[in-house]
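Residue strings, one per chain:
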Amino acid sequence: MVGDDQDWGEHAACRAADPDELFVEGAAQNKAKVICTGCPVRTECLAHALDLRIEHGIWGGMTERERRALLRRRPLVTSWRRLLEAARSEHEQTPGAEDGQWGATG
Ligand code: SF4
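This is a predicted model, so every value here is computed, not measured.

Definitions and limits used
Residues numbered from 1 in each chain as written. Predicted model: local features only at pLDDT ≥ 70, side-chain atom pairs only at ≥ 80, totals over all residues. Heavy atoms only, no water. Buried < 20%, exposed > 50% of the residue type's maximum accessible area, 1.4 Å probe, protein only. Helix = DSSP H or I, 4+ residues; strand = E, 2+ residues; numbered from the N terminus. Contact = heavy atoms within 4.5 Å. Core = buried A, V, L, I, M, F, W, Y, C linked by side-chain atoms within 4.5 Å. Patch = residues over 30% accessible without salt bridge, like charges linked within 9 Å, V, L, I, M, F, W, Y side chains within 5 Å. Areas by Shrake-Rupley, 256 points an atom, 1.4 Å probe, with all protein chains shown as cover. Salt bridge = Lys/Arg side-chain N within 4 Å of Asp/Glu carboxyl O. Lys, Arg positive; Asp, Glu negative; His and termini not counted. Charge placed at Lys NZ, Arg CZ, Asp CG, Glu CD. pLDDT = per-residue confidence, 0-100.

A. The arrangement of helix α2 (residues 42–51) in detail. In terms of residue burial, α2 counts as a mostly covered element, since 8 of its 10 residues are buried. In this fold, the buried residues of α2 make contact with α3 (64–73) and α4 (80–92).

Have a look at this one:
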């Protein structure tokens, strides 16, 4: 894990990017989320947005529409952070698994 609850943003791949690039509308979001590919804090970022129900922008490689759909599919999840970190740990312990993200969000 790159950081704790407070400092994951320091490792964000988008840290030097123009924030407006991640808060675009419609089809431009699919282009904008490419910056998240390979981001070392993608799990933390996505969990943050899901747990806080952040509605706008690209977070963790997912558009707002994708996050809304995920929240609808899994209404009983109380901590996305715990769920995503557990999934990542499980993935990392899988023989042959690549380092990095667990990749379940596309
Ligand atoms: S996952 Fe994307 S939006 Fe989140 S910190 Fe990384 S680059 Fe930024």
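B. Spotlight on the nonpolar core. Counting 8 residues, the largest nonpolar core consists of Leu-46, Ala-47, Leu-50, Met-62, Leu-70, Val-77, Trp-80 and Leu-84. Secondary structure elements with two or more residues in this core: α2 and α4. In this view, Trp-80 contacts Ala-47, Leu-50, Asp-51, Arg-53, Leu-70, Leu-71 and Arg-74; residues no more than four positions away in its chain are not counted. The next biggest cluster of nonpolar side chains, apart from the first, holds 7 residues, and it includes Trp-8, Ala-12, Ala-49 and Trp-59.

C. A look at a positive patch on the surface. Taken together, the side chains of Arg-65, Arg-68, Arg-72, Arg-73 and Arg-74 make up a positively charged region of the molecular surface. Along the polypeptide, Arg-68 turns up in helix α3.

D. Broad picture of the confidence of the model for the protein. Per-residue pLDDT for the protein has a mean of 86; in total, 85% of the residues score no lower than 70. Predicted confidence for residues 102–106 stays below pLDDT 50, and this span has 10 contacts to residues more than four positions away or in other chains.

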